[in-house]
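Chain by chain, the residues:
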Amino acid sequence: MIKLEALRVFVTVAELGNIRDASDRLGRTASAISMTLKQLEEELGNPLFESDRKNSLTALGQFTLETGREQIQSYDKSIRMIQDYAHDKIGHLALASVPSVAANLIPLLLPRFINERPGITVELFDLDSRNVCAMVESGQADLGIASTPKASAPVAFTPLFRDRFKVICNAESDLTAITGPLQWRNLQEQALIKNGSSDAIMAPQFLQLTEKSTMVVRNVTSLFALAKAGVGITLLPALTTLNLPEGICALDLADTSAERVVGLLERKSGFLSPVSSSFKAFLRMNLKTLASALSPHQQESFVIV
């Protein structure tokens, strides 16, 4: 039977590329690590490394690395959860969030949450909705904050708020001269830069625009830079536009149905650790306070569900 500790030794060596560094990290002698790897390969019946240098994996080694990581992460998470219960709200929170929430709402929320629980550690992952969902599915994140996932995703989704999409463009664009919110027809001659967030917009006129688009960019900073350079326009949720860099602007859309729903993601199977449960309750309790921190104009595009 392959032991978890043998997998941990192998994964550490594979990630670091040599036995010496793995020895330092694991606090074991190089000879003990070499023996463990040899025994593991004997049990599997095939080599894990291309050579004795341990810096190149065989196909079996690559598969074992990916599978071993999952098992180790699952085991380590289970141990943390046991410790959470043993120490009552002292533990680890792995939180994955879309960038707009991570940059604009989480900083308003986390300080008080952490101050009330000085023994916890928090790990924040800044990702797009698709990857937030994937991290929650795999168990790498305890909770996620993202747009509505696919119906087939094995996660539970609790809506938190809605915010409308705005048109992001160069500050000197002709669009800025239009009085009032923009109509879809005003965008027909514009080069659209697609992004992951705007996939939530189902308006037929917008879908026509996406058919002509030749560029997809998922990083918000890059989207801002391209809009500033006049490469094209893009559509982003209002929360993303709170602190725009100089040279670009966010314009309202007349179609108020162009919005996203952001909510809390958690795995359908399993249970939350005490600190994760506390954060979930804390987040919902403080949503109104977070909304009040926005300007009156921003609050028009931000609706708590």
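Note: the structure precedes this text.
Structural notes, computed from the coordinates.

Analysis parameters
- Residues numbered from 1 in each chain as written.
- Predicted model: local features only at pLDDT ≥ 70, side-chain atom pairs only at ≥ 80, totals over all residues.
- Heavy atoms only, no water.
- Helix = DSSP H or I, 4+ residues; strand = E, 2+ residues; numbered from the N terminus.
- Buried < 20%, exposed > 50% of the residue type's maximum accessible area, 1.4 Å probe, protein only.
- Contact = heavy atoms within 4.5 Å.
- Lys, Arg positive; Asp, Glu negative; His and termini not counted.
- Charge placed at Lys NZ, Arg CZ, Asp CG, Glu CD.
- Disulfide = S-S within 2.5 Å.
- Core = buried A, V, L, I, M, F, W, Y, C linked by side-chain atoms within 4.5 Å.
- Phe/Tyr/Trp six-rings, centres within 6.5 Å; stacked < 30°, edge-to-face > 60°.
- Salt bridge = Lys/Arg side-chain N within 4 Å of Asp/Glu carboxyl O.
- Pairing = 2+ DSSP bridges.
- Arc of directions from axis to C-beta.
- Polar contact = N/O pair within 3.5 Å; in protein donor to acceptor, adjacent residues only side chain to side chain.
- Axes fitted to C-alpha atoms, helices over the stretch in contact; angles between N-to-C directions.
- Parallel < 35°, antiparallel > 145°, perpendicular 65-115°, else oblique.
- Left-handed = near helix turned anticlockwise from the far one by under 90°.
- Nonpolar A, V, L, I, M, F, W, Y, C, P; charged D, E, K, R; others polar.

A closer look at the overall build of the protein
Counting its secondary structure elements, the protein contains 12 helices and 10 strands. Projected onto its principal axes, the C-alpha coordinates of the protein cover approximately 75 × 45 × 35 Å. Going through the 305 residues of the protein one by one, you find that 42% of them count as buried. Taking contacts inside the protein between residues at least 6 apart in sequence as the whole, the part at least 24 apart equals 69%. Averaged over its 30 positive side-chain charges, the protein has a centre that lies 4 Å from the centre of its 32 negative ones.

Points about the state of the cysteines
Structurally, a disulfide amounts to a covalent bond that connects the sulfur atoms of two cysteines. All told, the structure shown has zero disulfides when counted by the stated rule. Cysteine C169 shares no disulfide, and the gap to the nearest cysteine sulfur, in C249, comes to 3.7 Å. When its relative accessible area of 1% is taken as the criterion, C169 is described as buried.

A closer look at the nonpolar core
Counting residues in each nonpolar core, the largest one holds 37 residues, and the members touching the most others are V101, F113, I145, F161, F279 and L283. At the level of secondary structure, the elements contributing two or more residues to this core comprise β1 (92–97), α6 (106–115), α7 (129–138), β3 (143–147), β4 (155–170), β9 (259–267), α10 (274–285) and α11 (287–292). Those residues in contact with F113, other than ones at most four positions away along the chain, are L93, I120, V275, S278, F279 and F282.

A few points about the packing of aromatic side chains
Under the definition given, this model contains four aromatic pairs. Here the aromatic rings of F113 and F279 are separated by 5.2 Å at their centres, their planes lie at 85°, and the arrangement is edge-to-face. Highlighted residues: F113 in helix α6 and F279 in helix α10, separated in sequence by 166 residues. Each member of the pair F113 and F279 is classed as buried. Aromatic pair W184 and F206: ring centres 5.7 Å apart, planes at 45°, arrangement tilted. Of the two residues, W184 sits in the loop between β4 and β5 (193–194) while F206 sits in helix α8 (residues 204–212), which places them 22 residues apart along the sequence.

Observations concerning the pattern of salt bridges
By the definition in use, this model includes 11 salt bridges. Note that D163 and R260 form a salt bridge whose closest N and O atoms lie 2.7 Å from each other. Taken together, the positions of D163 in strand β4 and R260 in strand β9 put the pair 97 residues apart, joining distant regions of the chain. For R260, a relative accessible area of 3% corresponds to the buried category. Through salt bridges with shared partners, one network takes in E5, R8 and D76.

Overview of the environment of L7
Position of L7 among the secondary structure elements: in helix α1 (residues 4–16). The class for L7 is buried, based on a relative accessible area of 15%. Along the sequence, L7 and L37 sit 30 residues apart, while their C-alpha atoms lie 8.8 Å from each other. Leave out the neighbours within four places in its chain, and L7 touches I2, T64, G68 and I72.

Comments concerning the pairing of β9
For a regular strand, the rule is simple: side chains alternate between the two faces of the sheet. One ladder, built from four bridges, connects β3 with β9; its direction is antiparallel. From the neighbouring strand, A146 faces β9, where its bridge partner is G263.

Here we look at helix α2 (residues 19–26)
Where α2 is concerned, the buried positions are I19, A22 and S23. Buried residues of α2 fall within an arc of 105° about the axis and therefore sit on the same side. Relative to its buried face, α2 has exposed residues pointing more than 90 degrees away, namely R20, D24 and R25. Looking at the packing, one finds that the buried side of α2 touches α1 and α3 (30–44). Near the N-terminus of α2, the side chain that reaches the backbone nitrogen of R20, with its oxygen 3.2 Å away, is that of N18. Looking one or two residues past α2, G27 carries a phi angle of roughly 70°, positive in sign.

Thoughts on the packing of α6 against α10
In helix packing, the relevant descriptors are the interaxial angle and the interaxial distance, both defined with respect to the helix axes. Interhelical geometry of α6 versus α10 gives an angle of 125° and a closest axis separation of 11 Å. Here α10 runs oblique to α6, going by the angle between their axes. The hand of the α6/α10 crossing is right-handed. Contacts from I106, L109, L110, R112 and F113 of α6 reach α10 at V275, S278, F279, F282 and L283. Of the residues in the contact of α6 with α10, the class split is eight nonpolar, one polar and one charged.

Digging into the packing of α1 against α2
Remark: α1 packs on α2, axes separated minimally by 8 Å, with the N-to-C direction vectors making an angle of 130°. It follows that α1 is oblique to α2 by the angle criterion. Regarding α1 and α2, the two cross each other, and that crossing is right-handed. Contact with α1, carried on its side by V9, T12, V13, E15 and L16, involves I19, D21, A22, R25 and L26 of α2 and no other residues of that element. Here the contact of α1 with α2 is built from residues that sort into six nonpolar, one polar and three charged.

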